[in-house]
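# Commentary on secondary and tertiary structure
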Amino acid sequence: MLFETQDEPQWRAHLRRLRASDTQIDWTAVRVDMLCGRLVQQTTYRLSLFVPNSAPDSGQGPPGN
């Protein structure tokens, strides 16, 4: 996860800053979530980055087996 907040103006400002300044982010690998809390909880805004597996899955179980 790169960033999470329940403050929408802060969310928008953070995204603007990242887009303007961070050229290292691969925006095709970014996930944006808006978790709607409705009346019970506040809405949460979350920015995550997909991380690819470092080794292909052989289907043989966890590493070291």
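Parameters at a glance
Residues numbered from 1 in each chain as written. Predicted model: local features only at pLDDT ≥ 70, side-chain atom pairs only at ≥ 80, totals over all residues. Heavy atoms only, no water. Helix = DSSP H or I, 4+ residues; strand = E, 2+ residues; numbered from the N terminus. Contact = heavy atoms within 4.5 Å. Expected span 1.5 Å × (residues − 1). Buried < 20%, exposed > 50% of the residue type's maximum accessible area, 1.4 Å probe, protein only. Arc of directions from axis to C-beta. Phe/Tyr/Trp six-rings, centres within 6.5 Å; stacked < 30°, edge-to-face > 60°. Lys NZ or Arg CZ within 6 Å of the ring centre and 35° of its normal. Pairing = 2+ DSSP bridges.

## Side note on the environment of Gln42
Here Gln42 shows up in the loop between β2 (30-35) and β3 (44-49). Separated by 35 residues in the primary sequence, Gln42 and Asp7 have C-alpha atoms spaced 8.9 Å apart. Excluding anything up to four places from it in sequence, Gln42 contacts Gln6, Leu35 and Gly37.

## Structural notes on helix α1 (residues 8-21)
Spanning 14 residues, α1 covers 20 Å between terminal C-alpha atoms, matching the ideal 20 Å at 1.5 Å per step. Taken residue by residue, α1 has Trp11, His14, Leu15 and Leu18 as its buried positions. Take α1 and look down its axis: the buried residues cluster within an arc of 100°, on one side only. Summarising the geometry of α1, the exposed residues directed more than 90 degrees from the buried face are Pro9, Arg16, Ala20 and Ser21.

## Focus: the packing of aromatic side chains
Overall, the coordinates contain two aromatic pairs when judged by the stated rule. Their ring planes at 15° and their centres at 6.4 Å tell us that Phe3 and Trp11 sit as a pair that is stacked. In terms of burial, Phe3 and Trp11 fall into one category: buried. Where Trp11 meets Tyr45, the ring centres are 5.7 Å apart and the plane angle is 25°; that geometry is what we call stacked. Taken together, the positions of Trp11 in helix α1 and Tyr45 in strand β3 put the pair 34 residues apart, joining distant regions of the chain. The cationic tip of Arg19 hangs over the ring face of Trp27; the distance from NZ or CZ to the ring centre is 5.5 Å.

## Some words on the pairing of β3
Pairing of strand β1 (residues 3-5) with β3, which is carried by three bridges, proceeds in the antiparallel orientation. Bridging from a neighbouring strand, Glu4 pairs with Arg46 of β3. As defined by bridge partners, β2 adjoins β3 across six bridges and the pair is classed as antiparallel. From the neighbouring strand, Arg31 faces β3, where its bridge partner is Ser48.

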